[in-house]
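Listed below, chain by chain, are the residues.
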Amino acid sequence: MVGSVIVHKDKIIGEGWHRKSGEAHAEVNAINSVKDQSLLKASTIYVSLEPCSHFGKTPPCSDLIIAKGIKKVVIGTVDPFSEVSGRGINKLLEAGCEVLVGILEKECQELNKRFFTFHLKKRPYIILKWAQSEDGFIAPVIENSEDRKPVWITNKYSSQLVHKWRSEEQAIMVGTNTAVADNPKLNTRTWTGKSPVRVVIDQYLRIPEDSALFNKSIKTIVICGEKVLQEKEDQQKIIPHKNLLFESVDFSQNLGTLVCSLLHAYDLHSVIIEGGTQTLQTFIDQGLWDEARIFSGDIQFKKGVKAPEFSGNLISEKKIASDTLKIYRND
């Protein structure tokens, strides 16, 4: 998400932004929007992220800036991507451009926090999400397992907001207990947009084969133990499919780190972890989270499954009809 503005004698003469991956970058769109191209040689170009210097899906923006004779470049933040990082700036300097870096840097990094986390921390941007009762439980006690069905804590408006969030992130994750108990679809239904890649942690492959998560309608990654995956493969019980992939990790090791590395290898820049408590707590205890989005409903369970324990910096709080949504950052 990159924006660019071109200024000539304190007047904006061009604007552009990066609309979609694979399409023209912000600087290109801004330059192309300038009606009188002769003004560019006496103009300043502002861009929120360092101009690229390599041939990727599009030609290098730094080359275009140099070719157009723009002599002053103001950059919000350095690009953390190894193919770019500092190289675009150096190319501009070597061409004789005046370059200023770090203007509104925090704001520019916030705009692309997923991108920065992915490249600097080698993991997705992790959003924890759960709903809890007024007295701090994410599920009530159910005496008879045959009576078990999803218990809705929040209202329909909060539910729709969650689907909006799903459309904005690249992956969504749950653990075995949630998958078995709730049989979730983990798709985007009450909002427009693409459904995220589904990720399921199922060490012993206990989730039933007829689960909604295995319907192959959406790319789904199942993370299981090494031994059980080998056994299933030997028994030919796993049939390869482009939308149902099985990956094994060593569950005796640092599970959160292994899962993050796996998702990074799949080029997933963000993930919402929807639970349950055991899965959420695994990432909390290992410090592997960036945001926590917590709904509180207006019901009480008295007893049940306790919500995860964590500490973070509260950055926002709002009411959604009868619900309360609090968002925390892990700083």
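Where an unreviewed UniProt entry is consulted, the protein chain appears under the name Riboflavin biosynthesis protein RibD, with the organism given as Salinimicrobium marinum. Among the UniProt annotations of the protein chain, the heading Function (unreviewed entry) holds the following wording: "Converts 2,5-diamino-6-(ribosylamino)-4(3h)-pyrimidinone 5'-phosphate into 5-amino-6-(ribosylamino)-2,4(1h,3h)-pyrimidinedione 5'-phosphate."

**What to know about the overall build of the protein chain**
When helices and strands are counted, the protein chain shows ten helices and 16 strands. Its C-alpha atoms give the protein chain principal-axis dimensions of roughly 75 × 50 × 35 Å. Here the protein chain, with 331 residues, has 48% of them falling under the buried criterion. Nonlocal contacts in the protein chain, meaning residues at least 24 apart in sequence, comprise 71% of its contacts between residues at least 6 apart. Where the 43 positive side-chain charges of the protein chain centre and where its 41 negative ones centre are 5 Å apart.

**Some remarks on the pattern of salt bridges**
Counted under the stated rule, the structure contains eleven salt bridges. We note a salt bridge from arginine 123 to aspartate 290, for which the minimum N-O separation is 2.8 Å. Of the two residues, arginine 123 is situated in the loop between helix 5 (113-121) and strand 6 (125-132) and aspartate 290 in the loop between helix 10 (277-285) and strand 13 (291-296); the sequence distance between them amounts to 167 residues. Taken as a pair, arginine 123 and aspartate 290 share a single burial class, namely buried. One salt bridge connects glutamate 291 with arginine 293, and the closest N-O pair in it is separated by 3.0 Å.

**Some words on the nonpolar core**
Core analysis: the biggest nonpolar cluster contains 31 residues, and Ile126, Leu128, Trp130, Met173, Val259, Ile273 and Phe283 have the highest contact counts within it. A total of five residues in this core trace back to one element, the largest contributor, which is helix 9 (residues 255-265). If we ignore the near neighbours within four places in the chain, the residues touching tryptophan 130 are Ile138, Leu280, Ile284, Arg293, Ile294, Phe295, Ala307, Pro308 and Phe310. Counting 29 residues, the second largest nonpolar core, distinct from the first, contains Ile153, Leu205, Val222 and Ile238.

**A few points about the UniProt feature "active site" (unreviewed entry) in the protein chain**
As recorded in UniProt, the sites labelled "active site" (unreviewed entry) are Glu27. Within the element layout of this structure, glutamate 27 appears in helix 1 (residues 26-32). Glutamate 27 gets classed as buried once you look at its relative accessible area, which sits at 3%. Once you skip the residues sitting within four places of it in the chain, glutamate 27 turns out to touch Ser4, Ile45, Val47, Leu49, Glu50, Pro51, Cys52, Cys61 and Ile65.

Analysis parameters
All residue numbers here refer to positions counted from 1 along the written sequence of the relevant chain. Local features in this predicted model are restricted to residues of pLDDT 70 or higher, and side-chain atom pairs are both shown and tallied only at a pLDDT of 80 or more, whereas totals for entire chains, interfaces and linings draw on every residue. To obtain the side-chain values, all non-hydrogen atoms of the structure were used and water was disregarded. UniProt positions are given in the numbering used here, feature names are shortened, and annotations may be inferred rather than shown by experiment. Put simply, DSSP H or I for four residues or longer makes a helix, DSSP E for two residues or longer makes a strand, and each gets a number counted from the N terminus. For the exposure calls, accessible area comes from a 1.4 Å probe over protein chains only, and a residue counts as buried if that area is under 20% of its type's maximum, exposed if over 50%, partly exposed in between. In this analysis, two residues are considered to be in contact whenever any of their non-hydrogen atoms come within 4.5 Å of each other. Only four residue types enter the charge count, namely Lys and Arg as positive and Asp and Glu as negative; His and the chain termini do not. Lys charges are placed at NZ, Arg charges at CZ, Asp charges at CG and Glu charges at CD. Just to be clear on terms, a salt bridge is a Lys or Arg side-chain nitrogen sitting within 4 Å of an Asp or Glu carboxyl oxygen. As used in this record, nonpolar core signifies buried Ala, Val, Leu, Ile, Met, Phe, Trp, Tyr and Cys residues forming a set joined through side-chain atoms within 4.5 Å.

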